[in-house]
Amino acid sequence: MRWPTLSAESVRPSRFLPPFCPWPECAAHRAPGRGFQRWGYYRKRRDPKRIPRFRCRDCERTCSRQTFSTTYYLKRPALLVAVASGLAACSAHRQIARSCHCAKTSVTRMAERLGRHAILFHARCLTELPVLAEAIVHDHWEVFVGRQDRALGIGTAVGAESWFVYDLDPAPHRGSGRRPDRTKDPQAKTTPSRPYVKSIQRTFRGLIPRVSENQPLVCRVDGRLDYRVAVKDRELRSRVVLRIYPNPVRGPKGTPRSREAIERDRAMFPVDQLHQLLRHTCADHKRETIAFGRRLESILGRAHLMAVWKNFLKSRSERKPDRTTPAMRLGLTDMRWRWERVLSRRLFPERERMSQIARTLYRKRWTRSLPELSRRHAA
């Protein structure tokens with residue numbers, strides 16, 4: 001994967017040249033243009049170094065070197081790496097703010113910025129992946145959005161051999177909550193869930209083009225009914241092969257596992273490990289109401305940030321002597337990365353090939369705005 005090792009701020013002003021025009025309306029934003037001409041420089045209040053400016057010969061608009069940095073418009077750019085490391089270390093926003101001596105709202109805004117960057121970075125990685133030659137382990141991971149009656153299932157597709165996180169797809173649905181007068185629905189296990197079915201179909205449709213034409217997409221799943229319903233679709237019927245490993249009934253804690261449980265745990269281990277890591281390293285996914293995420297887009301942005309951390313920064317196993325990362329297994333890189341390299345360049349949404357769901361999450365258009373909700377309730 002072609003990705004710079006140095007940040008845009010560390011490039012000498014005499015050697016830096018904008019690779020494209022940052023304005024989306026310009027013709028040189030996606031296609032090669034007529035180039036740039038130098039247009040002076042400016043200085044920051046806290047940094048005496050010169051920051052060069054440039055003028056696009058196509059749209060005649062100006063930009064600077066800071067435009068192509070992930071720390072654009074930040075008064076304290078050094079906090080970005082610290083916030084990313086803190087979020088991956090199970091620190092809450094207030095804890096990071098106390099450690100970095102900044103405001104809690106600053107950490108929240110940087111977390112949103114990191115989530116959007118992770119969505120674009122993940123889309124860039126998917127465009128440079130080789131042909132999919134391994135099975136996919138898929139399962140949904142249950143979280144809450146603000147309250148326990150607003151549940152969210154995040155569909156996670158993980159490589160069976162490389163443990164690479166290929167896709168994250170939301171499936172919001174109504175949660176059961178903890179009301180004492182609520183009784184369990186006996187038909188819950190025999191009726192498919194429409195949000196889950198749609199989420200599974202979106203994930204499978206995005207993975208099928210990465211498989212060879214004469215090879216099916218092999219997916220390891222649990223015994224959930226939604227998978228069998230989703231595969232009945234006309235486009236997926238002949239291209240997806242399900243390997244079903246139902247969740248067996250387990251005894252009390254400490255009892256030995258049955259043969260079916262051992263087989264299921266071995267087959268579904270990559271996605272189970274991802275879910276355990278997310279529970280362990282994300283403060284907003286603990287079983288505590290005070291730490292629940294407040295917005296679906298923010299939760300998915302944080303999940304994409306953890307997927308980038310899992311794919312490029314974390315080794316596959318810390319107990320065994322295996323220091324390779326999932327991205328190294330797929331040939332995307334030849335070494336483990338650090339947060340400084342992941343955040344070395346700014347990505348622009350108009351230049352990345354994203355799915356419709358990823359673009360909706362990036363633009364924060366999944367959750368309806370308050371005026372729209374009020375008009376809907378009034379109608």
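Everything here concerns the structure above.
All of these numbers come straight from a predicted model, not from anything done at the bench.

### Observations regarding the overall build of the chain
Here is step 1: Looking only at helices and strands, the chain has 12 helices and eight strands in total.
Here is step 2: Relative to a compact globule of 379 residues, whose C-alpha radius of gyration would be 21 Å, the chain shows 23 Å and is just as compact.
Here is step 3: Dimensions of the chain, computed from C-alpha atoms along their principal axes, come out at roughly 70 × 50 × 50 Å.
Here is step 4: Expressed as a percentage of its 379 residues, the buried residues of the chain come to 47%.
Here is step 5: Roughly 21,800 Å² of accessible area belongs to the chain as shown, and the carbon and sulfur atoms make up 50% of that amount.
Here is step 6: Taking the average place of the 80 positive charges on the side chains of the chain and the average place of its 35 negative ones, the gap between the two points comes to 6 Å.

### What to know about helix 7 (residues 269-281)
Here is step 1: For helix 7, spanning 13 residues, the distance from its first C-alpha to its last is 18 Å, which sits close to the expected 18 Å at 1.5 Å a residue.
Here is step 2: Residues of helix 7 that are buried sit in contact with helix 1 (79-88), strand 4 (136-145), strand 5 (147-159), strand 6 (165-174), helix 6 (259-267) and helix 8 (296-313).

### Let's talk about the side chain of Asp 226
Here is step 1: Within the secondary structure layout, Asp 226 lies in helix 5 (residues 225-231).
Here is step 2: For Asp 226, a relative accessible area of 3% gives the class buried.
Here is step 3: Among the polar contacts listed, one links the side chain of Asp 226 to the side chain of Arg 224, at a separation of 2.5 Å.
Here is step 4: Once residues within four sequence positions are removed from consideration, Asp 226 is found in contact with Pro 192, Ser 193, Tyr 196, Val 197 and Ile 200.

### Details of the packing of helix 1 against helix 3 (residues 104-127)
How two helices sit against one another is set out by the angle between their axes and by the gap between those axes.
Here is step 1: It is the contact of helix 1 with helix 3, at a shortest axis distance of 10 Å, that shows an interaxial angle of 80°. As far as their axial angle goes, helix 3 and helix 1 are roughly perpendicular. Residue-level inspection shows Leu 79, Leu 80, Val 83, Ala 84 and Leu 87 of helix 1 in contact with helix 3, the latter providing Val 107, Met 110, Ala 111, Arg 113 and Leu 114.

### Regarding the environment of Glu 112
Here is step 1: Mapped onto the elements, Glu 112 comes out in helix 3.
Here is step 2: Discounting chain neighbours no more than four positions away, the residues touching Glu 112 are Ser 298 and Lys 364.
Here is step 3: A distance of 2.6 Å separates a polar atom in the side chain of Glu 112 from a polar atom in the side chain of Lys 364.

### Brief notes about the environment of Thr 127
Here is step 1: Along the polypeptide, Thr 127 turns up in helix 3.
Here is step 2: Excluding residues within four positions of it along the chain, Thr 127 makes contact with Arg 210 and Arg 353.
Here is step 3: At 2.6 Å, the side chain of Thr 127 forms a polar contact with the backbone oxygen of Arg 124.

### So, the sheet that holds strand 4
Here is step 1: Strand order in this open sheet of five strands is 6-5-4-7-8, and the pairing throughout is mixed. Only two strands of the sheet have a single partner each, and these edge strands are strand 6 and strand 8 (240-244). Ignoring which end each strand starts from, the neighbouring axes of this sheet average 30° apart.
Here is step 2: For strand 7 (residues 217-221) and strand 8, the ladder comprises five bridges, and the chain directions are parallel.

### A closer look at the side chain of Glu 134
Here is step 1: Inspection of the secondary structure puts Glu 134 in the loop between helix 3 and strand 4.
Here is step 2: Buried and without a salt bridge, Glu 134 has Arg 316 as its closest oppositely charged side chain, separated by 7.7 Å.
Here is step 3: Within polar-contact distance, the side chain of Glu 134 engages the backbone nitrogen of Glu 161 at 3.0 Å.
Here is step 4: Here Ser 162 takes part through its side chain, which lies 2.7 Å from a polar atom of the side chain of Glu 134.
Here is step 5: For Glu 134, the residues in contact, after removing those within four places along its chain, are Gly 159, Ala 160, Glu 161, Ser 162, Tyr 166 and Leu 330.

### Quick notes on the pairing of strand 6
Here is step 1: Most of strand 6 sits inside the fold, with seven of its 10 residues counted as buried.
Here is step 2: One ladder, built from nine bridges, connects strand 5 with strand 6; its direction is antiparallel. Bridge pairing in strand 6 places Ala 157 opposite Asp 167.

### With respect to unusual backbone geometry
Here is step 1: For Cys 90, which is not glycine, the phi torsion reads 65° and is therefore positive.
Here is step 2: Within the fold, Cys 90 resides in the loop between helix 1 and helix 2 (93-100).
Here is step 3: Notably, Lys 364 is not glycine yet its phi reads approximately 55°, a positive angle.
Here is step 4: Looking at the secondary structure, you find Lys 364 in the loop between helix 11 (356-363) and helix 12 (370-378).

Rules behind the numbers
- Position labels on residues start from 1 in each chain and follow its written sequence.
- Per-residue local features of the predicted model are confined to residues with pLDDT of at least 70, and side-chain atom pairs are confined, for both listing and counting, to 80 or more; whole-chain, interface and lining totals are unaffected and use all residues.
- Just so you know, side-chain values use all the structure's heavy atoms and leave hydrogens and water out.
- Under the DSSP-based scheme used, a helix requires at least four consecutive residues in state H or I and a strand at least two consecutive residues in state E, with every element numbered from the N terminus.
- The atom set for the radius of gyration is the C-alpha atoms, and the globule formula is 2.2 Å times the number of residues raised to the power 0.38.
- Accessible area is worked out with a 1.4 Å probe on protein chains only. A residue is then buried under 20% of its type maximum, exposed over 50%, and partly exposed in between.
- Residue exposure ignores everything except the shown protein chains as possible cover, and the areas themselves are Shrake-Rupley values with a 1.4 Å probe.
- None of His or the chain ends enter the tally, which takes Lys and Arg as positive and Asp and Glu as negative.
- Charge positions are represented by NZ for Lys, CZ for Arg, CG for Asp and CD for Glu.
- A helix is expected to span 1.5 Å for every residue after the first.
- The contact criterion used is simple: two residues touch if any of their non-hydrogen atoms lie within 4.5 Å.
- We define a polar contact as two N or O atoms separated by no more than 3.5 Å, with the added condition that, inside protein, one atom must be a possible hydrogen donor and the other a possible acceptor, whereas residues neighbouring each other in sequence contribute only through side-chain atom pairs.
- Lines fitted to C-alpha atoms define the axes here, with helix axes fitted over just the stretch in contact, and angles between the N-to-C directions of these axes take values from 0 to 180 degrees.
- Our angle categories are set so that under 35 degrees counts as roughly parallel, over 145 as roughly antiparallel, 65 to 115 as roughly perpendicular, and the remainder as oblique.
- Any two strands are treated as partners once DSSP identifies two or more bridges connecting them.
- Each reported salt bridge corresponds to a side-chain nitrogen of Lys or Arg within 4 Å of a carboxyl oxygen of Asp or Glu.

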